[in-house]
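Structure at a glance
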Amino acid sequence: MVKRVFERPLSWIERMLFLDFIRGLSITIKHAFRKTITTHYPYEKLTPPKRFRGFFGHKVVDGKEPQPAFDEWVERFKIKVEPGKSRCVVCMLCKRACPVPQLFEIEGEKLPDGRRRVSVFNMNMMLCTFCGFCVDACPVDCLFQSDIHETASYTRRDAVLDLEVLERIGRDWQRRREEEPDRIWIDDHQRQRLWHENHLKLPEVKG
Amino acid sequence: MESVVVWLVVVLIKILVILGIVLGVGAYLTLVERKVAAHIQRRPGPMVVGWHGLLQPLADGLKLLTKEDLFPRYGNRFLYNLALVMALVPATLVFAVVPFGPEFEVFGYKIKPMLTDVNIGLLLVFALGSMAVFAIALAGWASNSKYALIGSMRKAGIVVSYEVVITFAVMGPIILAGTLSTYDIVQRQIEQNLWYMWLQPIAFVVYMFAMLAETGRVPFDIQEAEAELVTGFTVEYGGMKFGLFPLVEWYIEVLSLSAIAVVLFMGGWSPINIPFLGFLDLLFFLGPLSPFVWFILKVSLLFLFVLWLHWTLPRYRIDQITTTAWKVMLPLTFINLVLTAIIAPLIWR
Amino acid sequence: MPWARGEEFIDLKGRFEGLEVEEKPTITSLYIQKERLLELLKILKEEKGYKLFIDHSVVDFPDKKPRFLAFYILYNVDERKRVVVKTWTDGELPSIEKLWFAGKWAERECYDMFGIRYEGHENLVRAFMWETYQHYPLRKDFPLEGYTTEYLPSLNEVLWGDNLQGLMNYDKMHTPVPTLEDLEITEKRRLQKKAQIVLNWGPLHPGTHGTMWFLFDLEGERVYQCDVILGQLHRGVEKLAENEMYNQFLVYTDRMDYLSALCSNQAWVVAVERLLGIEDLVPEKAKYIRTMMSELQRINSHLLWLGTYALDLGALTIFLYAFKEREKLMDIIEGITGTRLTISYTRVGGVRMDLPEGALEVIRAFIKRFPKELKEWETILSRNRIWLRRNVGVGVISKEDVYFYGLTGPVARGSGVPYDMRKLEPYDAYPWVEFDIPVGESGDVYDRYLVRLEEMRQSLRIVEQCVAVLEKLKDAPFFAESPDPKKLKLPLDGIGLKVPEGEIYSSGENPRGELGFYIYSTGGVKPYRVKIRPGSMYNLCVYPKLMKDRVIADAVTILASIDPVVGEIDR
């Protein structure tokens, strides 16, 4: 239950022959001849795991919406569903779940046929904490976090994601990674740089 | 008349060659250090500028040269700049008495591959070595910064203690050789078929530690101690002025003291020594170049060893360093000196 | 049972008129009038064995008279129970600095945040704000956004003249910022110069591991006296907590002790669950996942400590070695939760997501290799003569000091006090796993180093056991289901989570000491008052004492061995 730890002083032989130094030196020299483990950043990049919480996106309507939740919400708010456009149903739950609700600017508009659709959806990434509560709150699997992590920009304008950008990120995501299995990470060459000494073999990605 | 001109020309060439080698090599040793450190730490080190970062020192130099020259308010500008000169000049001057190889003949002129073979060469080395303390004390004082001041006081304390130690440590080889001329010390070792390392192991170990202390290498790098003093006495310097201090301390001084260590303890340009029997020249195929290569090889091995230590060990505390110097190393060197002085005349000559 | 029973204090009732004992499942409190507070605390400390000071603060009720409810949380280490002493005041309290030094710092904070005056306090200065600041931010009448009186248009200046509107612009009016004069006054109030030079160590200094401002009064290189100015990272987390929903506050726990976000997340979530009384509803799998993740985070945090500690002592290579392993842990945490630093993975009622496939294989691969690496570092450091000389006998903390200064975590354990919340008040899966508490003997820096290394081994043991269990629990639920959704909503996103009236003090074992949350709830979706007990802050309060008569080089050694994180200290 309780484990005592204590100091073990050096013996005289160790002191005289510098055995403590020699032991340390032998380890560092061993490391010097092993493979390096770093990723050479702007030239090589790690693929973020699928769960990565980066910049946001809106998934677009493509027939793979979570049912029956999507139809129920569409009916409830009388949303006009257009393929290739955002799935957003303007329920504002993301804004409610957010610890910094000021970062959202969401508005819906009424179309001539009486149906509604989202017209403004701005997210100010400078205020965002990337906690993912809004994603949890989204009932129709529309808002999600992509693997975009290189987010530096020259102006604050670029840090505000509007509907167009969100949809673009969403389309891109659905094309690239939507189908990926929910794997801790994709075991690529760069990842192996660090992990090869652990002799880790994750099963191959199918498809 | 003619001989004076020739002498002047030869000396000038020597100066240029030595300066070029020392400063150029000094700059490139930064790359060596970075690469060694990187690989010990499982990184590749600089890879972008040139093949495997070969042009990195040039890029670094360019960067340092183009930086703004900052000067602390209320500092003393004269002393601030004087410190730089005081740091650089003595450190490079040491190379005046380092023999790079045996005497050789060009166009009938006998040339010793060292700037000047004064008969008090070693005295000069350690006299110049103690000049370093001025540079550091001045740098710390003129910067008008508490961190710089503490750093320079620490370093001054170390240099003062270890100058004594290092001087006593080299007494052993000097007694064995019976001369202070660096060239002659090497000659004696070759004649006697013996590196003095074998007879003076204590002096050698103490010398190595003192060398680390004088050059501010781990485990004695307390004047830098980036965790507590940021970078110690160089904290108020900027640009190339900042670059110069580590260049001098960490590279040129390590190089010069390694060279002196090789001269004193490892038989200078001689090949591998089997005590009392002879030398084993594995580089015989290089012909007349082999002594030079041996010398460079030994110096670089020592340098690499210093790097290896640097990137393995933690650092001591200032009081522990000076305590070790005065209470352990100095008595050890005394004993070594006395024993050598008693035994050497009896059985040596 | 972590709380003292009411019967225990019956004998005190005779001695103290007006002493009221209140026993609830989540808290046991003693109410006393403030005139006799000191007396009661003294008796509790000396006769009843409540030696360890945990926390002190006040709760503000602007409508009541007297206005402030002060509470003192004490712990009895031998009998493993806690008690809260409460008293009502209108702004004045006796100082407890003679009983517990840690109380002095807590009182400074109270003075800073609520404007409570303490009689007999040696040097009542503000803890986080600068000395000339006018307001008391944690009072209920202080607005959340502060008093915006300073005109700061420069924040909105842009390089290429973009016309930024709406969301993209900052407010032109800001809360006041300290001027240089303010800072000078603050500095002067802290330390009266007595020796040769005052060295400003920080606020931005590589040795302070964050933004702490140390003042060393130096005699040569010897520290004559020392003080700390905190608050450079103060963000008013406790104020924010009063204005966020229970789940949303999770985000701020990430940013307190940013090196062990998962542990802080867990501590908060467990506190809320205990307050709700739904600890048993949380599925087994979620508990195991939380435990495993927070142990991984503990290793992660200790690795960062080891790396920076070695770096401070000049062994630069260990830093990179530790970071190599840390990077693997970061990969694991990133793969499972999606982020590397500010994690917000746990939720009231479970965890955010199930483990992804491959997670357990990766963790197993990691724990197979890690002990070998640990051994290598130990070979380089533990018995190196330089390491021994720098560490042994430096910064000795005695057992009495642990209680007097309210120390917890590895700092307390290094001094031989087996104070570990995971054993004393087990939460989540800790009662079901086996592990030892490492304790040191002499309480010096070296012992704390050994304790932390051993803790990493023990954490590995825990992770190993968790992995074994989780492998069998592949398809089990990872989030609690409310038995009665009408009464108690338990959503993943935290919308509509209502907490009944009540109060609780609950703590988790963070890598840096006990992280406690005192939650006072008046019902509803937001807490009325949250007092965070930051382990780092109370651990740091012993620092000026340890630094007396040591040299500057020991400053980094001792500071790194205490291992504070400024985000948690300042909050």
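Note that the coordinates shown come from a computational prediction; the quantities given were computed from them, not determined experimentally.

Rules used in this analysis
Residues numbered from 1 in each chain as written. Chains lettered and ligands numbered in written order. Predicted model: local features only at pLDDT ≥ 70, side-chain atom pairs only at ≥ 80, totals over all residues. Contact = placed C-beta atoms within 7 Å. Nonpolar A, V, L, I, M, F, W, Y, C, P; charged D, E, K, R; others polar. Buried ≥ 20, exposed ≤ 12 C-beta atoms within 10 Å, placed from the backbone. Helix = DSSP H or I, 4+ residues; strand = E, 2+ residues; numbered from the N terminus. Pairing = 2+ DSSP bridges. Axes fitted to C-alpha atoms, helices over the stretch in contact; angles between N-to-C directions. Parallel < 35°, antiparallel > 145°, perpendicular 65-115°, else oblique. Left-handed = near helix turned anticlockwise from the far one by under 90°.

1. Quick notes on the interface of chain A and chain B
Facing the 12 residues of chain A at the interface are 10 residues of chain B. Class assignment of the residues belonging to the side of chain A that touches chain B gives a composition of five nonpolar, six polar and one charged.

2. Description of the pairing of strand β11 (residues 213-219) of chain C
All names here are of chain C. A large share of β11 lies buried, amounting to five of its seven residues. Direction of pairing for strand β10 (residues 197-201) relative to β11: antiparallel, over a ladder of five bridges. Bridge pairing in β11 links asparagine 200 to leucine 215. Linking two consecutive strands that pair antiparallel, namely β11 and strand β12 (residues 222-229), is a turn of two residues; a positive phi of about 65 degrees is found at glycine 220 within it.

3. A look at the sheet that holds strand β16 (residues 499-510) of chain C
Residue and element names in this part refer to chain C. Strand order in the open sheet made by the three strands is β16-β17-β18, with antiparallel pairing throughout. Both outer strands of the open sheet, β16 and β18 (529-533), are each paired with one neighbouring strand and no more. Averaged over neighbouring strand pairs, the angle between their axes works out to 5 degrees when direction is ignored. When strand β17 (residues 513-524) meets β18, the two strands line up antiparallel, connected through five bridges. Looking across to β18, one finds that tyrosine 518 is bridged to lysine 531.

4. Here we look at the sheet that holds β11(C)
Residue and element names in this part refer to chain C. Ordered in space as β10-β11-β12, the three strands form an open sheet in which the pairing is antiparallel. Looking at the sheet topology across the chains shown, the edges are occupied by β10 and β12. Strand after strand, the sheet turns through a mean of 20 degrees between neighbouring axes, direction not considered. In terms of strand pairing, β11 meets β12 through seven bridges, oriented antiparallel. Directly across from glutamate 219, in β12, lies its bridge partner arginine 222. Across the sheet, helix α4 (residues 180-190) lies against β11 and β12, angled at about 130 degrees from β12, the strand it touches most.

5. Quick notes on the packing of helix α3 (residues 77-93) of chain B against helix α10 (residues 239-265) of chain B
Residues and elements named next belong to chain B. Relative orientation of the contacting elements α3 and α10 amounts to 20 degrees, with a least axis distance of 10 Å. Relative to α10, α3 is oriented roughly parallel. When you trace α3 past α10, the crossing you get is left-handed. Residues Leu84, Ala87, Leu88, Ala91 and Thr92 of α3 touch α10, and the partners they reach there are Lys241, Leu244, Phe245, Val248, Ile252, Glu253 and Ser256. A class-by-class count of the residues in the contact of α3 with α10 yields eight nonpolar, two polar and two charged.

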